[in-house]
Amino acid sequence: MMASKFLSLQPTRYRAVQHSSHHNNISTASTHTSVGLDGLSYNKKGKGKPLTLPLVLQRNPNFSRIVTARSHLNFPLISPHDQWGTWTALFAAGAFGTWSEKTKIGRMLSGALVSTLVALAASNLGIISCEASAYSVVLGFLLPLAVPLLLFRADLRKVIQSTGTLLLAFLLGSDLLVLALCLPTDCCSDNFILTLEFLKCGVVLLLIIVATTIGTIVAYLIVPMRSLGQDSWKIAAALMGRHIGGAVNYVAIAEALGISPSVLAAGLAADNVICAVYFTTLFALASKIPPEALTSTTDGIGTTESESSSNKLPVLQTATALAVSFAICSLGNFLTKYFGIPGGILPAITAIVVILATAFPKQFAEIAPSGEAMALILMQVFFAVVGASGNVWNVINTAPSIFFFALVQIAVHLAVILGFGKLFRFDLKLLLLASNANVGGPTTACGMATTKGWSSLIVPGILAGIFGISIATFLGIGFGIYVLKLI
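Overview of the nonpolar core
In this structure, F152 and I402 are the most contacted members of the largest nonpolar core, which totals 110 residues. The element that contributes the greatest number of residues to this core is helix α14 (residues 361-388), accounting for 13 residues. Apart from the residues lying within four places of it in its own chain, the contact partners of I402 are M225, L228, I235, L239, V263, A266, G267 and A270.

Spelled out as structure tokens, the structure:
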């Protein structure tokens, strides 16, 4: 009888599939098998011993077989290598956050916070991974792309007219204190009010930096991280720079101080979780602050037209907005690399779009509604990435001391700014945005101002973050060497 894939042998009425010797770890004496009425396999002649099939019990009472059942359910459910699945999860979280603003709870929390919480829960419940290449794409490409889309209305002349003192405060920082004190006290009431505004905004920016410094000292005294050895004060200094400027300052300080790669990675992982918790708290505190009244920012574009434009996205304007934004990001990336500008491409992108929007206000105003709608979608995805990056259990298991240090550091930072802000009656909106700009950087400040409807604070928030990035590396290194190392 010729061998075939399917064999039908007498006296049985069953057919069996020929098994290879390596399939399911089954070793067969002959390739010609049949299944008898007793459910066991026999060789071609029917006289051999029964062959072993998976999950079939032998009749030999002295023979025992251990069957191991393996679950095919792997965590995370969506693999980090599953690009389509990861992108689906991110955009779904962003869409859910946007939809939630139609509900009472969503309006109270904001769509950005809902997207962050949903992605954070999905990451820690094993639905999506806390690390995926898609997250780098969002941070490296989609987020910079959203910045020009948000700033097409950033006509500097209009911005200065509406938020002149605030903008100057963020630009000049601590120098405003000197300027305010040098102005004559017997000036007219308008100049005196301007002086007070300068002083208030300068104090706010300085207060944020001082709050982070105080938080670093308190956290290092409570959680000294002695198990890390010499890396303890170094990682504390790096996290201080991170929470004044951004991730670029964290890496720069770590390289300057020589932090070991394992501690560097653990600190970054801990900071991702802390930032997710921090942004959640920040949006909760800002939940009762209403958005700004919608005003006309350019000639011929009023409230009614803006509202109608937000509900309809013309294809030509949307395509033009995306093309212009890509061009600006490309130019910003080139200038950043060519001149070696620190802080990433966001400062260059911001400068380019503000210059263009000021030089061509009418043209950019036409594509601004479409650009803002696209930017809102991208910012929702960005906040989903912020939540998805925070793996709480992984951080607690690998670097508990760094996690609790950063937790105390941020908690003290927030307590200091809220306490002094209430004492001196500072605007809560300004305090929260300035804190966001320092801890999260210009991108998160821009995202918060956008999602909360604080349109006049978008540019100042970005400038505050850029200012923090420009000084954080020097502050972190100096404070670590001359203060933390000696504690």
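Past the structure itself, the notes keep going.
Brief notes about the packing of helix α10 (residues 261-285) against helix α17 (residues 428-439)
Direction vectors running N to C along α10 and α17 enclose 165 degrees, while the axes themselves pass 10 Å from each other. Compared by their axis directions, α10 and α17 come out roughly antiparallel. At the point where α10 passes α17, the crossing takes the left-handed sense. Facing α10, whose interface residues are Y278, F279, L282 and L285, α17 presents L428, L432, S435, N436 and V439.

Examining helix α1 (residues 83-100)
Its 18 residues give α1 an end-to-end C-alpha distance of 26 Å, which sits within 8% of 26 Å, the value for a rise of 1.5 Å per residue. Within the sequence span of α1, burial applies to G85, T86, L90, A93, G94, G97 and S100.

Points about the pattern of salt bridges
Across all of its chains, the model carries 2 salt bridges by this definition. Among the ionic pairs, E372 bridges to R153, the shortest N-O distance being 2.6 Å. Remark: R153 occurs in the loop between α4 (133-150) and α5 (156-172) and E372 occurs in helix α14; sequence separation between them is 219 residues. A residue is classified by how much of its surface remains accessible, and E372, at 25% relative accessible area, is partly exposed. Of the charged contacts, one joins D271 and R242 as a salt bridge, the two residues approaching to 2.9 Å between their closest N and O atoms. In this pair, D271 sits in helix α10 while R242 sits in helix α8 (residues 231-244), placing the two residues 29 residues apart along the sequence. Of the two residues, D271 and R242, neither departs from the other in class, the shared state being buried.

Some details on the side chain of N249
Mapped onto the elements, N249 comes out in helix α9 (residues 247-257). With relative accessibility at 2%, the residue N249 sits in the buried group. Reaching out from N249, the side chain makes a polar contact with the side chain of T473 at a distance of 2.7 Å. If we ignore the near neighbours within four places in the chain, the residues touching N249 are G241, I469, A472 and T473.

A closer look at the packing of aromatic side chains
This structure, assessed with the given rule, holds 9 aromatic pairs. Ring centres 5.7 Å apart and planes at 90 degrees place the aromatic pair F283 and F383 in the edge-to-face group. Of this pair, F283 sits in helix α10 while F383 is found in helix α14, placing the two residues 100 residues apart along the sequence. For the pair shown, F283 and F383 are each scored as buried. Seen in terms of ring centroids, Y338 and F339 are 4.9 Å apart; in terms of plane orientation they differ by 85 degrees. Their pairing is edge-to-face. Across this residue pair, the class does not change: Y338 and F339 are exposed. Members of the aromatic cluster, joined through ring pairs, are F283, F382 and F383.

Section: unusual backbone geometry
Phi angles above zero are rare outside glycine, and M225 is one such case at about 55 degrees. Note that M225 resides in the loop between α7 (189-222) and α8.

A closer look at a nonpolar patch on the surface
Together, L331, F334, Y338, F339 and I341 give the surface a local cluster of nonpolar side chains, amounting to about 550 Å² of exposed area. Here I341 lies in the loop between α12 (315-339) and α13 (346-359).

Considerations on α4
With 18 residues, α4 extends 25 Å between its outermost C-alpha atoms, agreeing within 8% with the 26 Å of an ideal straight helix rising 1.5 Å per residue. L139 marks the point of greatest bend in α4, at about 35 degrees. All of the buried residues along α4 are A134, Y135, V138, L142, L143, P144, L145, A146, V147, P148, L149 and L150.

Quick word on the environment of A154
As for its position among the elements, A154 is in the loop between α4 and α5. Along the primary structure A154 and V353 are separated by 199 residues, whereas in three dimensions their C-alpha atoms are 7.7 Å apart.

As for the confidence of the model for the protein chain
Atomic detail in the predicted coordinates should be set aside for any region of low pLDDT. Taken as a whole, the protein chain shows an average pLDDT of 74; of its residues, 69% reach a score of 70 or greater. Predicted confidence in the protein chain is weakest over helix α6 (residues 175-182), with a mean pLDDT of 38, and strongest over α1, with 93. Under a pLDDT of 50 for its full length, residues 1-58 has, in the predicted model, 76 contacts with residues more than four places off or in other chains. Note that residues 295-310 has pLDDT below 50 and, in this model, 16 contacts with residues that lie over four places away or in other chains.

A few points about the packing of α12 against α14
Interhelical geometry of α12 versus α14 gives an angle of 85 degrees and a closest axis separation of 8 Å. It follows from the interaxial angle that α12 and α14 lie roughly perpendicular. In this structure, α12 uses Q317, T318, T320, A321, L322 and V324 to contact α14, whose residues at the interface are F364, E366, I367, S370, G371 and M374. Here the residues of the contact of α12 with α14 sort into 6 nonpolar, 5 polar and 1 charged.

Thresholds applied
Residues numbered from 1 in each chain as written. Predicted model: local features only at pLDDT ≥ 70, side-chain atom pairs only at ≥ 80, totals over all residues. Heavy atoms only, no water. Core = buried A, V, L, I, M, F, W, Y, C linked by side-chain atoms within 4.5 Å. Buried < 20%, exposed > 50% of the residue type's maximum accessible area, 1.4 Å probe, protein only. Helix = DSSP H or I, 4+ residues; strand = E, 2+ residues; numbered from the N terminus. Contact = heavy atoms within 4.5 Å. Axes fitted to C-alpha atoms, helices over the stretch in contact; angles between N-to-C directions. Parallel < 35°, antiparallel > 145°, perpendicular 65-115°, else oblique. Left-handed = near helix turned anticlockwise from the far one by under 90°. Expected span 1.5 Å × (residues − 1). Salt bridge = Lys/Arg side-chain N within 4 Å of Asp/Glu carboxyl O. Polar contact = N/O pair within 3.5 Å; in protein donor to acceptor, adjacent residues only side chain to side chain. Phe/Tyr/Trp six-rings, centres within 6.5 Å; stacked < 30°, edge-to-face > 60°. Patch = residues over 30% accessible without salt bridge, like charges linked within 9 Å, V, L, I, M, F, W, Y side chains within 5 Å. Areas by Shrake-Rupley, 256 points an atom, 1.4 Å probe, with all protein chains shown as cover. Bend = angle between axes of the 7 residues up to and from the residue. pLDDT = per-residue confidence, 0-100. Nonpolar A, V, L, I, M, F, W, Y, C, P; charged D, E, K, R; others polar.

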